[in-house]
Amino acid sequence: MINDRLIDAGDLPLAVRDFGGDQPPLLLLHGAGGNLAHLTTLARELRPRHRVITVDLRCHGRSGDGPWTWDAVLGDLAAVCVQMELNRPAVAGHSLGGMIAALWAQRHPETPGVVSLDGNPPPTRPEHLPGLDPEKAAGELARLHTVFDAIEASAGQVIPADQLPDLVERQQMAARDMGANEKVWIEGFRRNLAHVNGETSIRPSAGTTSELRALMNSLDLGPVYAATTCPELVVLPTRSVPEQEPFAELYEAHRRYLVEQAKSVPHLRYLTLADASHAMVVEQPVALAQIIGDFLAEQR
């Protein structure tokens, strides 16, 4: 039986969804700007082999607000483990959730296994783009930086009431275009709506978005992977999402960098998932559940 609850993480409440069962526990973490609802389809696919627990990360979904640091969010997950009585859970995460999973693995060698689903910081330096001319790489990064500036500037803005139905309809169209479960996708959209003093905005706020961007831009996973001793699998994409197409060369080069980074750590397992983009959780939930389940089964 699926159970939603709020737990006390000390300085803020955390929203948790427990998919139940008596199989080995698995924490499943969403990406930046998402929430636990976006992982519903993948969680259902994983449920026959794991007791899956999804979490709204702080400042997302129905969880409380607080400063965003790696230490803070790792402390949140530790509180979830204690209050949900999870003994040595495996951890899998998508995008930002995958970065958190990697950091958890580094700090918790007792973890039975960790899986990152394209949990990689964005490219920020020309050396992150092997094969591109350095001058062209710098120009493309500057252009990408401008796009991210605009996204950050629009984060948390108030949505006029008469525009909300149109936004919902656009989310429905996006779900259909991606082949996502429409009901799940709309739940995810609505779950990030914040209603304060008669005004509606989308979480996370501009302040949180700025904090997250700075943290991800400064994160180097190479030393994290090297210092990790528990079993870890990184699943990498093979193509771009439509939003990345204007930067096709940049993202193709960055995918080469990610493969090189993974290859440089002898004990790290990785695979490139055929016909998968950064949106792999939506595109291939059945395949990912098989990959995650098989990898974690090998570690028992």
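Reading the values: rules and limits
Residues numbered from 1 in each chain as written. Predicted model: local features only at pLDDT ≥ 70, side-chain atom pairs only at ≥ 80, totals over all residues. Heavy atoms only, no water. Helix = DSSP H or I, 4+ residues; strand = E, 2+ residues; numbered from the N terminus. Rg over C-alpha atoms; globule rule 2.2 N^0.38 Å. Buried < 20%, exposed > 50% of the residue type's maximum accessible area, 1.4 Å probe, protein only. Contact = heavy atoms within 4.5 Å. Areas by Shrake-Rupley, 256 points an atom, 1.4 Å probe, with all protein chains shown as cover. Lys, Arg positive; Asp, Glu negative; His and termini not counted. Charge placed at Lys NZ, Arg CZ, Asp CG, Glu CD. 1 Å grid on protein atoms, 1.4 Å probe; cavity = no way out; pocket = protein on both sides within 12 Å on 5 of 7 lines; lining within 4 Å. Points joined across faces, edges and corners; volume = space filled by probe spheres on them. Nonpolar A, V, L, I, M, F, W, Y, C, P; charged D, E, K, R; others polar. Pairing = 2+ DSSP bridges. Right-handed = clockwise from strand over helix to strand, strands pointing away. Salt bridge = Lys/Arg side-chain N within 4 Å of Asp/Glu carboxyl O.

Draft legend 1. Spatial organisation of the overall build of the chain. Looking only at helices and strands, the chain features 11 helices and 11 strands. Its C-alpha radius of gyration of 19 Å places the chain within 12% of the 19 Å reference for a compact globule of 300 residues. Across its three principal directions, the C-alpha atoms of the chain cover 55 × 55 × 35 Å. A burial count over the chain gives 53% of its 300 residues as buried. The contacts of the chain with a sequence gap of at least 6 include a subset with a gap of at least 24, amounting to 72%. Within the structure as shown, the chain displays about 13,600 Å² of accessible surface, and the carbon and sulfur contribution to it stands at 53%. Averaging the locations of the 26 positively and 38 negatively charged side chains of the chain gives two centres separated by 5 Å.

Draft legend 2. Geometry of unusual backbone geometry. The omega angle of the peptide bond from R203 to P204 is 0°, so this bond is cis rather than trans. With respect to the helices, strands and loops of the structure, P204 is situated in the loop between β9 (199-202) and α7 (206-217). Of note, the phi angle at C59 is positive, near 70°, even though the residue is not glycine. Relative to the helices and strands, C59 resides in the loop between β4 (51-55) and α2 (70-83). With phi around 55°, E85 is a residue other than glycine that occupies positive phi space. Position of E85 among the secondary structure elements: in the loop between α2 and β5 (90-94). Judged by its relative accessible area of 70%, E85 is exposed.

Draft legend 3. Layout of empty space enclosed by the protein. Evaluated as defined, the whole model comprises one cavity of 30 Å³ or more. Reported here for the largest cavity is a volume of approximately 30 Å³. In terms of lining residues, the largest cavity is bounded by N120, Y225, V234, L236, L258, Q261 and A262. When residues of the lining of the largest cavity are traced back to their parent elements, those giving at least two are β10 (232-236) and α9 (248-263). Considering every element that reaches the lining of the largest cavity, the biggest residue donor is α9, with three residues. Taken together, the residues of the lining of the largest cavity break down into five nonpolar, two polar and no charged.

Draft legend 4. Spatial organisation of the pairing of strand β11 (residues 269-272). Alignment of β10 against β11, held across four bridges, turns out to be parallel. By the bridge assignment for β11, L236 is matched with T272. This β-α-β element, β10 to α9 to β11, shows right-handed connectivity.

Draft legend 5. Examining the pattern of salt bridges more closely. Applying the stated rule across the entire model yields 20 salt bridges. Between D4 and R17 there is a salt bridge whose closest N-O contact spans 2.8 Å. With D4 in strand β1 (residues 3-8) and R17 in strand β2 (residues 13-18), this pair connects stretches of sequence that are 13 residues apart. A residue is classified by how much of its surface remains accessible, and R17, at 9% relative accessible area, is buried. Note that R170 is salt-bridged to D166, the shortest N-O span being 3.3 Å. Highlighted residues: R170 and D166, both in helix α5 (residues 164-178), separated by four residues, approximately one helical turn.

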